[in-house]
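Letter by letter, the chains look like this.
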Number of protein chains: 2
Amino acid sequence: MPDHAAKPHPFERLSDRLSPLVEQALRRFAWPESSAPRRLVEAMNYSLFAGGKRLRPLLVLAACESVGGQLESALPVAAALEMVHTYSLIHDDLPAMDDDDLRRGRPTCHKAFDEATAILAGDAMNTFALQAILDNVPDPARAVAAARELAVAAGLEGMVGGQMADLESEGAAPDLARLRYIHEHKTGALITAAVVCGGIIGGAGSATLGRLRNYGRRIGLAFQVVDDILDETSTAEQLGKSPGKDRDAGKMTYPRVMGLDAARTHAAELVTAALAELTGLARPDGLRAIAEYFVSRTH
Amino acid sequence: MPDHAAKPHPFERLSDRLSPLVEQALRRFAWPESSAPRRLVEAMNYSLFAGGKRLRPLLVLAACESVGGQLESALPVAAALEMVHTYSLIHDDLPAMDDDDLRRGRPTCHKAFDEATAILAGDAMNTFALQAILDNVPDPARAVAAARELAVAAGLEGMVGGQMADLESEGAAPDLARLRYIHEHKTGALITAAVVCGGIIGGAGSATLGRLRNYGRRIGLAFQVVDDILDETSTAEQLGKSPGKDRDAGKMTYPRVMGLDAARTHAAELVTAALAELTGLARPDGLRAIAEYFVSRTH
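For every chain, the first residue of the written sequence is number 1, and numbering continues from 1 onward in sequence order. Labels follow written order: the first chain is A, the first ligand is 1, and so on. Totals for whole chains, interfaces and linings use every residue, but because this is a predicted model, local features are given only for residues with pLDDT of at least 70 and side-chain atom pairs only at 80 or more, for both listing and counting. Hydrogens are left out, water is left out, and the side-chain values use all remaining heavy atoms of the structure.

*Asks:* An account of the packing of aromatic side chains is requested, with residue identities and associated values reported.
*Replies:* Only centres within 6.5 Å qualify two rings of Phe, Tyr or Trp (six-membered ring in Trp) as a pair; their planes then separate them into stacked at under 30 degrees, edge-to-face at over 60, and tilted for everything else. This model, assessed by the stated rule, comprises six aromatic pairs over all chains. Ring centres 5.5 Å apart and planes at 75° place the aromatic pair Tyr46(A) and Phe113(A) in the edge-to-face group. Taken together, the residues span a long stretch of sequence, with Tyr46(A) in helix H2 (residues 38-48) and Phe113(A) in the loop between helix H5 (109-112) and helix H6 (115-136) at a distance of 67 residues. Across the pair, Phe113(A) and Tyr46(A) agree in class, each one buried. For a lysine, the NZ atom is tested; for an arginine, the CZ atom; a charge sits over a ring if that atom is within 6 Å of the ring centre and within 35 degrees of the ring normal. Between the NZ or CZ atom of Arg106(A) and the centre of the ring of Tyr46(A), over which it lies, the distance is 3.8 Å. Across from the ring centre of Phe49(B), 4.2 Å away, lies the NZ or CZ of Arg27(B), which sits over that ring. Strands are runs of DSSP state E lasting at least 2 residues, helices are runs of H or I lasting at least 4, and numbering of each runs from the N terminus. With a 1.4 Å probe rolled over the protein chains alone, any residue whose accessible area is under 20% of its type maximum counts as buried; one over 50% counts as exposed, and the rest are partly exposed.

What follows is the structure, given as structure tokens:
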């Protein structure tokens, strides 16, 4: 009998079950080896297939399952969410933006290729993410609803607006309202969209979609609070990147704005509030495991 | 009685009739003054409302009319086509790409703002163009068909692939096949999509959409041949930009590859072939006027 410590966390069991589906979906619904210039396609593949937790696709699948939907039907949307996330990393890493040379331990796209190729690879991936939904979700009403949800979350009132606010805030005085705006938009909007899109494809009604949206907003913010905490407290080995980078860049973080203990408490409260939204769902286990995983990382 | 020379070209009559609708559509279907960072919205407005011929929106409206559709229903799609065109100009002008300081006589977006803002403004506009269709085309099947048509034309197998091939071709030996690939993708794909999207919104069947696609491909290529000819033959005053720029940049142009007279003949042949596709349409006058306008510019 394995003792308690040896038991895999429910998130690990979820990830073991769904991650192979996600990787298959990315290969199945990504751009074909097309007539496009080879270097452009290579740069897109280099960045999309660089690994990573695939958190957003897992949220799409877990949310679809949570409302009794079929995983199969959600696979193109799961792939699309990872494409939008990947395009945003390619552009955020550019010299004119965060100017990062390394991503997941490998050269960033503009380092492995060049700036022009990285800009175009991100542009094409941004467009293709929506195309993947429009091409592969058979019901037009659900395709429109999911693609629209993703577009709003990715755009100027979501992820791109959050990145702009983040760039403008470097060196600014700590300000919780501004920090919250950045996190809710730069990362939170896409995480929320992943959950809502999974519900849309699973056939959820508006009341259920409202609860999924609330769950998504809370774990989206919790995810970023935890990320800030780990940036302060982890070793490079634990983190897989240099810790303290955000702090050194003069970026606001939750520990800087409210202190480390208060940030931990805030993350736990957000997760508790997120879990409360899952009451009454057909199969909430996956979404519960993801929410609990977030807060477990801070202890 | 005005003499023949004083008579406005049919294209001018079309433009006088439809351009006010296009400008209204851009203001009506563009992003709201949103919660997004002001500087980002300002950069997007700076570039979208910088004027220009609005050729792609005119093609959407003329194509919708040509199949007996209502102009009103095509307005969001007309706006979306101009947004994708504008985002592509913002990114193509970046230092890592064509590195242009001036666009339509004004500083380019990254000069008027900064590189990071220009990248994000283009990203947000790319996404919002598809959102404008998904939000405002009431019939989900037509919304999916039009958004899909635009996404394919804008992406790696269309406009972005063409820009990549154009960057890779600088200084390359003149090669008609390569030049044709660049033009058919970098500018032709979006012009074709404008015509096809207008037909989709107008309710055209697949046979009619096929003819509209053929028309679009031919005028799309003719447009670029004419642009190359004008780059060789015009004064800066006529052109509104420095002539010879493409030639000086070592870019392939039709006059360089096939000679000036052969290029003029090629443009005329493409327009004749485009006009032949309009036979049997309910109201072909607008599309005819646009095709004839292209070739009229070279004499």
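*Asks:* Please give an account of the interface of chain A and chain B that cites residues and values.
*Replies:* Any two residues whose heavy atoms approach within 4.5 Å are treated as being in contact. Listed by partner, the interface residues are 49 residues for chain A and 49 residues for chain B. Buried area, as used here, totals the accessible surface that two parts lose on assembly, with accessibility defined by a 1.4 Å probe and the loss added over both. For the chain A and chain B pair, buried surface summed over both sides reaches about 4000 Å², with 73% attributable to carbon and sulfur atoms. In the sections that follow, a salt bridge refers to a side-chain nitrogen of Lys or Arg positioned within 4 Å of a carboxyl oxygen of Asp or Glu. Taken together, the links from chain A to chain B amount to two salt bridges. With a closest N to O distance of 2.1 Å, Asp135(B) and Arg148(A) form a salt bridge. As used in this structure description, the phrase polar contact means that two N or O atoms lie within 3.5 Å; if the pair is within protein, one of them must be able to donate a hydrogen and the other to accept it, and residues adjacent in sequence are counted only when both atoms belong to side chains. Across the chain A-chain B interface, the total number found is ten residue pairs in polar contact (both at pLDDT 80 or more). Looking at the side of chain A that touches chain B, the elements that each hand over two or more residues are H2, helix H4 (71-92), H6, helix H7 (140-154) and helix H8 (159-169) of chain A. It is H6(A) that provides the largest number of residues to the side of chain A that touches chain B, a total of 14 residues. By residue class, the composition of the side of chain A that touches chain B is 32 nonpolar, ten polar and seven charged. Residues are grouped as follows: nonpolar covers Ala, Val, Leu, Ile, Met, Phe, Trp, Tyr, Cys and Pro; charged covers Asp, Glu, Lys and Arg; every other residue, Gly included, is treated as polar.

*Asks:* So, helix H15 (residues 285-296) of chain A: which residues are in play, and what are the values?
*Replies:* For H15(A), which comprises twelve residues, the first-to-last C-alpha distance of 16 Å matches the rise-based estimate of 16 Å (1.5 Å per residue) to within 8%. Listed as buried for H15(A) are Gly286(A), Leu287(A), Ala289(A), Ile290(A), Ala291(A), Tyr293(A), Phe294(A) and Val295(A). Expected span of a helix: the number of residues minus one, times 1.5 Å.

*Asks:* Got a sec to walk through the nonpolar core? Specific residues and values, please.
*Replies:* Throughout this description, the term nonpolar core refers to a set of buried Ala, Val, Leu, Ile, Met, Phe, Trp, Tyr and Cys residues connected via side-chain atoms within 4.5 Å. Among the nonpolar cores identified, the biggest contains 210 residues, and Trp31(A), Leu59(A), Tyr215(A), Trp31(B), Leu59(B) and Tyr215(B) are the most heavily contacted of them. Those residues within four positions of Tyr215(B) in sequence are excluded, and the remaining contacts are Leu59(B), Val195(B), Ala274(B), Glu277(B), Leu278(B), Leu287(B), Ile290(B) and Ala291(B).

*Asks:* Explain the pattern of salt bridges to me, using residue names and the numbers behind them.
*Replies:* All names here are of chain A. If you walk through the whole model with that rule in mind, you get 30 salt bridges over all chains. Across the pair Glu 184 and Arg 180 runs a salt bridge whose closest N-O atoms are separated by 3.0 Å. In this pair, Glu 184 and Arg 180 are both assigned in helix H9 (residues 176-201), four residues apart and thus about one turn of the helix distant. Residue Arg 180 is classed as partly exposed on the basis of its relative accessible area, which comes to 35%. A single network of salt bridges, built from pairs that share partners, joins Arg 17, Glu 65 and Arg 283.

*Asks:* Which residues make up the packing of helix H3 (residues 55-66) of chain B against helix H9 (residues 176-201) of chain B, and what values do they have?
*Replies:* Residues and elements named next belong to chain B. Fitting a line to C-alpha atoms yields each axis, with helices limited to the stretch in contact; the angle taken between N-to-C directions then spans 0 to 180 degrees. Put simply, H3 and H9 touch, their axes get as near as 7 Å, and they point 30° apart. Of the possible angle classes, the one that applies to H3 and H9 is roughly parallel. When you trace H3 past H9, the crossing you get is right-handed. Every residue of H9 that contacts H3 at Leu 55, Arg 56, Leu 59, Val 60, Ala 63 and Cys 64 is listed here: Leu 190, Ile 191, Ala 194, Val 195, Gly 198 and Gly 199. Angle categories: roughly parallel below 35 degrees, roughly antiparallel above 145, roughly perpendicular from 65 to 115, and oblique for all the rest. By definition, any crossing whose near helix is turned counterclockwise from its far helix by less than a right angle is left-handed, and any crossing with a clockwise turn is right-handed.

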